[in-house]
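Each chain, letter by letter, is given below.
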Amino acid sequence: MRVLPYPTPAGKVTFRVTAVKQDQRSLHTSVFSGEERVVALHQVERDDWKSSRIALTATLPMKEIEEGPWSDVAVVAVLTEKATNTRTTAVLRRQGEGGAEWAGRIRLRRADHRSQAELSVTVVATVDGVAGRVIGTSEEKWTVDLTARTPVRRSELQVDEVDFADGPHEWLRAFKDAPWLVETSGDLPTVHVNTGFEGISELLNSGGGPLERGIRDMLAAQIATDVWTAVFHSAVSDLELDADGNPEWPGGWRDAVLNGMLSDVLPGMSGIDALNEIHARRGESSGWNELQPRINYAAARRAKVARNLGTALRVLDMSQRENKA
Amino acid sequence: MIDRPDPLPDRIASLADLNAVKYIGSGVRSGREEPPYIELGRSVTATAEDDVRMRVEPVRDLVDDVMHLYRDDTRTRADAWLAPRLHAALRLTRREAADEGIWNHLAAAVAPDYVLWRHLPATGSDGGPPMVPSGRFHGAHHTQAFSRLWWAAELFRNGPDYAPVVVACGIQDVLNTVLRLDIIDHRPTAQAVVALVEQGVARTGREVNALAVVANAAASTLFYDVLAEDEERDDGALDEWVAGAASAPPVPRRSLPRGPEDGTVPEKAVAALVERFGELFQDAVVRGRTASQD
């Protein structure tokens, strides 16, 4: 929680989605999940919808707010997507006399969004005579996913199984010999697994015996190491600078990647120090090579290489013993 | 120096970043070599065949015209001419414009000569030849040679009126710095910045930069959407505009084109922010501004 130069309530702001409509039709409640905090708009499998309306209810620490120095309290739902530079807001209304709940609906125009929008609630009030002060924000945000069929929080990674040589992506043809390829330019990093590479799909999707599972997990760990290395480099190279030339947290998956990996790459440094350091080293091209083993280590750690390799080696050992016996 | 591609592709396609990186090497970026058009053409993903908006010719004509019109001028001035016209010629939704692949394709296969014409620096760094930064070919929305103009037009237009876009693009710092700030996604904020430039409150690039920095910093505690409420945009108008692409004449060269009639920004909201930003700017430190210049 950041420190603001004026009093803010200590209580929490929370909200939940209560209903979703698409082009005037109510969607089943299974399109959203309070547990995952996700609304999945693609479940209806229609590509021609124009807009959706998301109904939400926010809960505020109203007792505290009413006793405090805040007036003209307004509660606003905010829907944003970085990829489309779109920001929509909707004012929520207080439910009943003296209640703690505020409800309303926010509109999402399909033409304005591409993959994942972020939904949050902000509380605004007049403080010390200044109107429009932010006095609270929901800590937990919801994701509105335009491409997902089920309301599950997607991991930081998308997997796309596709034939590089004959598949729909012509640009992958140049890589037809590669078993997999990591792409970090989109909204989410994507691993394209080449189904044209014989046996790889079967192996990755196999249940099989312990030996097969061991090899599968090792392969998965190998791919994951590639992914983590690629996303780390991508996140570092895309850093934007503020007016003073300091790097800014990039937002989206890049944020999660840097947050998670910097502590392994530059141990013992606080988040923002590590961010400054990594940016400086990259820019000055000194000290960058020394970081490579640490980046590799951080990626391998997140990919759980040690555990998967250890398990696979044990299984191999066991099977050899059984063969001898 | 690279010339107009020959043959020119008929349709705008999508070129993945990975391939854009592959085909745009230092030879292309310094203007010594042409991109490998044939190979490049094989690795793109085609766009819908019946979509008239994806025809290359109207965009290519605009590019030829802008290079002719500003041949003897400072090239940064060409942005204000091209941005609204590119926006009006393409008629994209934001959803479509967020596909970086089409911008990559425009830069690499349709108009690499324009990217060089507009973005080749006078001198190279480290004693090397002058080279266009690769981000101008494939990069963030506020960096890439074409997407920066499209997004500037989209975020600064006031409904169908592109006049604010011309003002915004007339100052390079707006494109370089202001465009990437999240506050600009709020329409009244974008219009207030333009209004302050027009009123002469923030005149130079440095001043506009400083204005944007204080407005952005203040946005962490001030909520502009409540101080200056925007109106819902008209969905149908955008659809109509997109659908009208098939029968629309070429965009006008001398007068400004008209954008989608999806509603203008409430004047009250802009006025409220002009006042607020004006106050913030009074206290702002403008780098390089001295007492005598005030």
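In case you missed it, the structure is sitting above this.
What you see is a predicted model, and the numbers here were worked out from it, not measured in a lab.

Honestly, unusual backbone geometry in this entry has me stumped. Any pointers?
The phi torsion of most residues other than glycine is negative, and most of the peptide bonds are trans. Here Asp6(B) and Pro7(B) are connected by a cis peptide whose omega angle stands at 0°. With respect to the helices and strands, Pro7(B) occurs in the segment before helix H1 (17–23). The phi torsion at Asp23(A) lies on the positive side, around 45°, for a residue other than glycine. By the element assignment, Asp23(A) lies in the loop between strand E1 (14–22) and strand E2 (25–26). Judged by its relative accessible area of 26%, Asp23(A) is partly exposed. Of note, the phi angle at Arg37(A) is positive, near 55°, even though the residue is not glycine. With respect to the secondary-structure elements, Arg37(A) resides in the loop between strand E3 (32–33) and strand E4 (38–40).

I would appreciate a short explanation of the interface of chain A and chain B in the present structure.
Note on interface size: it is often stated as the accessible area lost on association of the parts. If you look at the interface, chain A gives 46 residues, while chain B gives 41 residues. Area buried by chain A at its contact with chain B is led by Asn85(A), Arg87(A) and Trp171(A), which between them contribute 19% of it. Counting the contacts that link chain A with chain B gives 9 salt bridges. The salt bridge partner of Arg107(A) is Asp235(B), with a shortest N-O separation of 2.7 Å.

For this particular structure, what's the right way to read the pattern of salt bridges?
Charged atoms that come close allow side chains of opposite charge to pair. This structure, assessed with the given rule, holds 34 salt bridges over all chains. For Asp239(B), the salt bridge goes to Lys50(A), with nearest N and O atoms at 3.5 Å. In this pair, Asp239(B) is assigned in helix H15 (residues 235–243) and Lys50(A) in the loop between E4 and strand E5 (51–59), connecting two distinct chains. Overall, Lys50(A) belongs to the partly exposed group, its relative accessible area being 48%. A salt bridge links Asp64(B) to Arg4(B); its shortest N-O distance comes to 2.4 Å.

Got a minute to help me understand the packing of helix H4 (residues 56–69) of chain B against helix H5 (residues 78–90) of chain B in this structure?
A packed helix pair is summarised by two numbers, namely the angle formed by the two axes and the spacing between the axes. Residues and elements named next belong to chain B. At a closest axis distance of 10 Å, the pairing of H4 and H5 adopts a crossing angle of 165°. Of the possible angle classes, the one that applies to H4 and H5 is roughly antiparallel. Relative to H5, H4 is oriented so that their crossing is right-handed. Here H4 contributes Val59, Leu62, Asp65, Val66 and Leu69 to the contact with H5, which in turn contributes Ala78, Trp81, Leu82, Arg85, Leu86, Ala89 and Leu90. Here the contact of H4 with H5 is composed, by residue class, of 10 nonpolar, no polar and 2 charged.

Which parts of the structure should I look at to understand the packing of aromatic side chains?
Aromatic rings considered in pairs are described by the distance between their centres and by the relative angle of their planes. Tallying each qualifying case throughout the model produces 7 aromatic pairs over all chains. Residues Trp171(A) and Phe175(A) carry aromatic rings whose centres are separated by 6.4 Å and whose planes lie at 80° to one another, so their mutual orientation is edge-to-face. Classification of Trp171(A) by relative accessible area gives buried; the value is 5%. Put simply, the rings of Trp103(B), Trp150(B) and Trp151(B) pair up and form one aromatic cluster. The aromatic ring of Trp49(A) is capped on one face by Arg110(A), whose charged end is 5.6 Å from the ring centroid. When the ring centre of Phe175(A) is taken as reference, the NZ or CZ atom of Lys22(B) above it lies at 5.4 Å.

It is not clear to me how the packing of helix H4 (residues 252–265) of chain A against helix H6 (residues 292–302) of chain A should be interpreted in this structure. Could you clarify?
All names here are of chain A. The contact between H4 and H6 brings their axes to 8 Å, and the two run at 125°. Viewed along their axes, H4 and H6 adopt a mutual orientation that is oblique. Where H4 crosses over H6, the handedness of that crossing is right-handed. Contact with H4, carried on its side by Gly260, Met261, Asp264 and Val265, involves Arg294, Ile295, Tyr297, Ala298, Ala299, Arg301 and Arg302 of H6 and no other residues of that element. Looking at the contact of H4 with H6 residue by residue, the class counts come to 6 nonpolar, 1 polar and 4 charged.

What counts and how
Residues numbered from 1 in each chain as written. Chains lettered and ligands numbered in written order. Predicted model: local features only at pLDDT ≥ 70, side-chain atom pairs only at ≥ 80, totals over all residues. Heavy atoms only, no water. Helix = DSSP H or I, 4+ residues; strand = E, 2+ residues; numbered from the N terminus. Buried < 20%, exposed > 50% of the residue type's maximum accessible area, 1.4 Å probe, protein only. Contact = heavy atoms within 4.5 Å. Buried area = accessible area lost by both parts, 1.4 Å probe. Salt bridge = Lys/Arg side-chain N within 4 Å of Asp/Glu carboxyl O. Axes fitted to C-alpha atoms, helices over the stretch in contact; angles between N-to-C directions. Parallel < 35°, antiparallel > 145°, perpendicular 65-115°, else oblique. Left-handed = near helix turned anticlockwise from the far one by under 90°. Nonpolar A, V, L, I, M, F, W, Y, C, P; charged D, E, K, R; others polar. Phe/Tyr/Trp six-rings, centres within 6.5 Å; stacked < 30°, edge-to-face > 60°. Lys NZ or Arg CZ within 6 Å of the ring centre and 35° of its normal.

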